[in-house]
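Examining the three-dimensional arrangement
Chain by chain, the residues run as shown.
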Amino acid sequence: MSFRQAYWAEPLLLDKHSRPDEPVDLAGLIPAKLQREHLAIPNLAEHDVVRHFTRLSQMNFGIDTGFYPLGSCTMKFNPKFTEELAALPTVARIHPDQDESTVQGALRLLYELQHMLATIAGMDAVTLQPAAGAQGEYTGLLLAQAYHRDRGEERHQVILPDTAHGTNFASAGMLGFDIVEIPSKDGRVDLKALESAVGEKTLAFMLTNPNTLGIFEQHVLEIAQVVHAAGGLLYYDGANFNAILGRTSPGRMNFDIVHFNLHKTFTTPHGGGGPGAGPVGVKKPLEPFLPVPLVQVNGRGYHLDYDRPKSIGKVRAWYGNFALLVRAYAYILRMGGNGLKEVSDHAVLNANYIMHRLNGVLDVPFGGLRKHEFVASASRLATKGVRTVDIAKRLMDYGYHPPTVYFPHLVEEALMIEPTETETKETLDGFVDALTKIVNEDPGVLHSAPHNTSVRRVDEVRAAREPILSARMAGRKAPRS
Amino acid sequence: MLRTMGLRSIEDLFADIPASVRIPNLDLPDGLPEDVVVARVTSMLSANRTVVDMPTFLGGGLYDHFVPASVRAITGRSEFYTSYTPYQPEISQGMLQALWEYQSLICELTGMDGANTSMYDGSTALGEAARMAHRIHGGRIFLIPRALRHNRRAVLTNYLVGTGMEIREVDYDRETGMLDLGELKGALSPDVCGIYMENPNFFGRFEEGLEEVRGLTQAVFVVGVNPIAQAVVRPPGDFGADIVIGEGQPLGTQMNFGGPLLGIFACRQEHIRKMPGRVIGLTCDVNGDRAFCMTLQTREQHIRREKAMSNICTNESLLAIAAAAYLSILGANGLRRVAAENVRRARDLAAAIDKIPGFTAPIFRGAHFNEFVVRHENGYAAVHRFLLEKGVHGGMPLTRQLPELGDAALFATTGRHTPEAIARLLKALEAAP
């Protein structure tokens, strides 16, 4: 496929022509010593502002633009009807402090979503509060700590496999826990290594299944047994949930805590980096510790339950990213139990199909089936002086967003590919054909890629060496080399 | 596709999931057509009473400001909202420039040098700011105002788990509602790593002592702001603040029953390498053309793992774009008009309530932004119930949070209340028991 991204030499807002400032009379409104005299935000025509951002949007690639196989990010189609629902005044224009009697629709939706997610995960209770997956992890670890403390135990060791997402390490690190990383064996958790790592200080073992190689951890029940025998809890990182809907569940696999990424599995749009939503589900023994409030129902209707004496408290203001929760709820209704199972069927089919066709073009370490994603390696191209970064940049010239690169770390020159269920065979074939062509291209073309994007290869080293994070720091002047 | 792979059925693709962990299916109803789902969800949500149906005087961190339709048109560009974090800068220049412009606008509003692209909300921004103060200073104690919304304090508490830090409260002056500087002096010690103040504060009252506070201590000075108010008051940067945070929802995002929200986070240049979250930097491409990319990533979870400044990964970028669009559409003139109008309307509403026998508003003397505390001689709880019966939603009861105020409430107004809405409130208050 040929592709040329738009390019506008679009000036910064601050460099556009501004109408003059108008005086505002603050006398009697603001104490004189607090009054602000000047605000350097340009006064522009609304039409020019719309044009500015429209032009910028044309220099951006989304899943509505093209294939976006970013591994572990689950970039599937974001259905448009959920956008319409989220924009309803009955979603947008209600205040979270309103009396419960005036928000019964919202509370009912939250209540039902709590139950739907619990059902999907095989858990007993769900909080919708966390704003994103990483915050779900943080919440889950706080819950684990509260659970152990309630039993009179201080545990501070979190065990992670070397395939774990970076956020697992960061979440445990933020909480001051000791982290023990265990190596994988043949792309799966090494049970022996796990057995020797666990002990009376083990707070939790965090695992995503399938793991970040896309490989299903078949020994998950043995893993659970080892962790539980040591008194620890088993934490499910839900980033890869798109692989297992209706086939298995974290509950069935004996996990105690799970976070969901609604912006992955349940297709709330990623918004160029957020918002997301990271609900957390738990088994019964952990339910008393969930953040306040939970939504409950009684004879008088739905209400917010703050009367939870063992609760860990709050991880963010109010009840969660409601407008995203509405989208996820509508998506689950639309798909139903049967449709969600088909989601995973097709996600897994698509990933294995690409892997099958790519095997030989690139290396695919570790044999066997994959689930929703797989990791290929470009190390065979090292002799040509070609690295994964070059392949990734060149893919853009063909109109594809590159996969996740250089992760997980145990695969050299990794490309982590997750096609999702909403792509057709035609798209998958086109992507494989492009990759096949790229690995046979002249290395010079790859080194100088991308050629067809708005800008050419960006100097990220320079950006980090002399950080310029605002117009103020730039002195409003763009650097030239 | 199955044939290509030499497989017979979809089931073959799941052969690696052992029978011992299989489930037969999901115990949920079958899927529904799109139009049925839309009708059902719309109908369920129609049980909500919006601020359009019912004049509502809630604030406390979230406000019902008018959002120009162009803001939604901009964030509704699917090139923006269906993209992921801009890991690949060459194909993501639009998002990167827009976020860099957001950072620039936030710096201008707050008087800071660098900003990140967002935290989850104002409360988590406070949690991250306290952790950052600890990283910068090393001290263990973080001072917060007693007049702080309880959900912010609750979140802050959870963000400090594992840091060894301790939160201590500084009281407010009972006459003015401002932070009690005498109390603050008494609370200072070499172990205080940071001081947090809000301007306007929880009571809607402008804090007039920021400069004095800066003069009192070398601890990291964190100021929480309402971004719209910053258009008419001198920014924290003028008073030597180190970190400025805030809830960015007033900048072009609807209240959405409390989420998604926008955590504003900005700081002085000397601290940027200790700042949490994604940041966008200005650079150039191999041709020397201006370009933007995510930068300082060695602070972040995917590189630094457990040594990262924060675990934040997914943030609230699209709301940052909304804020940039909102600020650009209003411009300095529009924003200053909106801010001044908020002050004027809150002042007038407080005066009108104060005239009603039995009511005092505001209970603190001095300048307020767009909210203020109201007291009724017989307590607010009965008034609140009465207003609801009359189809008006009064302010937020403060009894549980700050019992010393004696059953008072926090009332907010913005430019969005119609004269009819105000009249309905006043009429109902006059009739209140």
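As the structure is a prediction and not an experimental result, all values here were calculated from the model.

**Things to note about the overall build of chain B**
- Counting its secondary structure elements, chain B contains 13 helices and 13 strands.
- Relative to the globule expectation of 22 Å for 433 residues, the C-alpha radius of gyration of chain B, 25 Å, shows essentially globular dimensions.
- With the C-alpha coordinates aligned to their principal axes, the bounding extent of chain B is approximately 85 × 55 × 50 Å.

**Quick look at the overall build of chain A**
- Within chain A, the regular secondary structure consists of 14 helices and 14 strands.
- A compact globule built from 481 residues should have a C-alpha radius of gyration of about 23 Å, and chain A, at 25 Å, falls within 12% of that.
- Each of the three principal axes of chain A carries a C-alpha extent, and together these read 75 × 65 × 40 Å.
- Within chain A, buried positions represent 60% of all 481 residues.

**Regarding the interface of chain A and chain B**
- Across the contact, 165 residues belong to chain A and 158 residues belong to chain B.
- It is helix H9 (residues 322–358) of chain A that provides the largest number of residues to the side of chain A that touches chain B, a total of 20 residues.

**A look at the pairing of strand E10 (residues 294–298) of chain A**
All names here are of chain A.
- Direction of pairing for E10 relative to strand E11 (residues 301–305): antiparallel, over a ladder of five bridges. Pairing of Val295 across the sheet is with Leu304, part of E11.
- In sequence, E10 turns back onto E11 through a hairpin of two residues.

**Observations regarding the confidence of the model for chain B**
- Of the residues in chain B, 100% reach a pLDDT of 70 or more, and the chain-wide mean stands at 96.
- Reported confidence for the predicted complex is 0.98 by ipTM and 0.97 by pTM.

**With respect to the sheet that holds strand E14 (residues 414–417) of chain A**
Residues and elements named next belong to chain A.
- Taking strand neighbours across the sheet as the criterion, the three strands line up as E12-E14-E13 in an open arrangement whose pairing is antiparallel. Both outer strands of the open sheet, strand E12 (374–377) and strand E13 (404–405), are each paired with one neighbouring strand and no more.
- Across two bridges, E13 lies against E14 in antiparallel orientation. Each bridged residue has a counterpart across the sheet, and for Thr404 the counterpart in E14 is Met416.

**Brief notes about the domain arrangement of chain A**
- When its domains are assigned, chain A resolves into domain 1 (13–58), domain 2 (81–334) and domain 3 (343–463).
- One C-alpha centre belongs to domain 1 of chain A, the other to domain 3 of chain A; they are set 44 Å apart.

**Focus: the packing of helix H1 (residues 46–58) of chain A against helix H11 (residues 317–355) of chain B**
- It is at 8 Å that the axes of H1 of chain A and H11 of chain B come closest, and there the two elements cross at 155°. Classified by the angle between their axes, H1 of chain A and H11 of chain B sit roughly antiparallel to one another. Between H1 of chain A and H11 of chain B lies a crossing of right-handed hand. On H11 of chain B, the residues touching Glu46, Val49 and Phe53 of chain A of H1 of chain A are Ala325, Ser328 and Ile329 of chain B.
- In terms of residue class, the contact of H1 of chain A with H11 of chain B is made up of four nonpolar, one polar and one charged.

**Description of the pairing of strand E6 (residues 202–207) of chain A**
All names here are of chain A.
- Judged by how many residues are buried, E6 sits mostly within the fold: six of six residues are covered.
- In this structure, strand E2 (residues 157–161) lies alongside E6, joined through three bridges in parallel fashion. Note on E6: the bridge partner recorded for Val158 is Ala204.
- Of the pairings in the sheet, the one linking E6 to strand E7 (residues 233–238) comprises four bridges and is parallel in character. Note that in E7 the partner of Leu207 across the bridge is Tyr236.
- Handedness of the crossover joining E6 and E7 through helix H8 (residues 220–229) is recorded here as right-handed.

**Remarks on helix H2 (residues 34–45) of chain B**
- A rise of 1.5 Å per residue sets the reference length of H2 of chain B, with its 12 residues, at 16 Å; its end C-alpha atoms lie 16 Å apart and thus fit the reference within 8%.
- Every buried residue of H2 of chain B is listed here: Val37, Val41 and Leu45 of chain B. Projected onto a plane normal to the axis of H2 of chain B, the buried residues spread over an arc of 55° and lie on a single side. Across from the buried face of H2 of chain B, at angles greater than 90 degrees, the exposed residues are Asp35, Val36, Ala39 and Ser43 of chain B.
- Structurally, H2 of chain B contributes buried residues whose contacts are with helix H2 (80–86), helix H3 (89–92), helix H4 (104–121) and H9 of chain A.

**Observations concerning the domain arrangement of chain B**
Residue and element names in this part refer to chain B.
- According to the domain assignment, chain B contains domain 1 (69–326) and domain 2 (331–431).
- When each unit is reduced to the centre of its C-alpha atoms, the spacing between domain 1 and domain 2 is 28 Å.
- Opposite the 14 residues of domain 1 that make contact, domain 2 presents 18 residues.

**Topic: the sheet that holds strand E3 (residues 166–170) of chain B**
Residues and elements named next belong to chain B.
- Spatially, E1-E7-E6-E5-E4-E2-E3 is the arrangement adopted by the seven strands of the open sheet, whose pairing is mixed. Looking at which strands have only one partner, the edges of the open sheet turn out to be strand E1 (114–115) and E3.
- Where E1 and strand E7 (residues 263–267) come together, two bridges link them in antiparallel fashion. The partner of Gly114 across the bridge, within E7, is Cys267.

**Re H4 of chain A**
Residue and element names in this part refer to chain A.
- Spanning 18 residues, H4 covers 26 Å between terminal C-alpha atoms, matching the ideal 26 Å at 1.5 Å per step.
- Buried within H4 we find Gly105, Ala106, Leu107, Leu109, Leu110, Leu113, Gln114, Met116, Leu117, Ile120 and Ala121.
- One or two positions beyond H4, positive phi appears at Gly122, with a value near 70°.

**A closer look at unusual backbone geometry**
- A cis amide bond, omega -5°, links Phe407 of chain A with the succeeding residue Pro408 of chain A.
- Its place among the elements puts Pro408 of chain A in the loop between E13 and E14.
- Of note, the bond from Asn199 of chain B into Pro200 of chain B is cis; its omega dihedral lies within 30 degrees of zero at -5°.
- The topology assignment puts Pro200 of chain B in the loop between strand E4 (192–199) and helix H9 (210–216).
- Not every positive phi belongs to a glycine, and Phe366 of chain A is a case in point at roughly 70°.
- Within the fold, Phe366 of chain A resides in the loop between H9 and E12.
- Of note in this structure, Thr420 of chain A is not a glycine but carries a positive phi near 70°.
- Here Thr420 of chain A lies in the loop between E14 and helix H11 (425–439).
- The exposure class of Thr420 of chain A is buried, given the 25 C-beta atoms found within 10 Å.

**Overview of the confidence of the model for chain A**
- The pLDDT averaged across chain A works out to 96; a share of 99% of its residues lies at or above 70.
- Counting contacts from residues 477–481 of chain A, a segment whose pLDDT is below 50, to residues more than four positions away or on other chains yields seven contacts.

**Focus: the environment of Tyr196 of chain B**
Residues and elements named next belong to chain B.
- Mapped onto the elements, Tyr196 comes out in strand E4.
- Under the C-beta neighbour-count criterion, Tyr196 is labelled buried, with 25 such atoms within 10 Å.
- Sequence separation between Tyr196 and Met54 is 142 residues; the distance between their C-alpha atoms is 35 Å.
- Apart from the residues within four sequence positions on either side, Tyr196 is in contact with Leu126, Phe142, Leu143, Ile144, Pro145, Val222 and Gly224.

**A short note on the environment of Phe205 of chain A**
Residues and elements named next belong to chain A.
- Summarising the element assignment, Phe205 is placed in strand E6.
- For Phe205, a count of 28 C-beta atoms within 10 Å translates into the label buried.
- Here the alpha-carbon distance between Phe205 and Leu160, two residues 45 residues apart in the chain, equals 6.0 Å.
- Leaving out residues up to four positions away in the same chain, Phe205 has contacts with Ile159, Val227, Gly232, Leu234 and Tyr235.

What counts, and at which threshold
Residues numbered from 1 in each chain as written. Chains lettered and ligands numbered in written order. Predicted model: local features only at pLDDT ≥ 70, side-chain atom pairs only at ≥ 80, totals over all residues. Helix = DSSP H or I, 4+ residues; strand = E, 2+ residues; numbered from the N terminus. Rg over C-alpha atoms; globule rule 2.2 N^0.38 Å. Buried ≥ 20, exposed ≤ 12 C-beta atoms within 10 Å, placed from the backbone. Contact = placed C-beta atoms within 7 Å. Pairing = 2+ DSSP bridges. pLDDT = per-residue confidence, 0-100. Domains from an automatic or database assignment. Axes fitted to C-alpha atoms, helices over the stretch in contact; angles between N-to-C directions. Parallel < 35°, antiparallel > 145°, perpendicular 65-115°, else oblique. Left-handed = near helix turned anticlockwise from the far one by under 90°. Nonpolar A, V, L, I, M, F, W, Y, C, P; charged D, E, K, R; others polar. Right-handed = clockwise from strand over helix to strand, strands pointing away. Expected span 1.5 Å × (residues − 1). Arc of directions from axis to C-beta.

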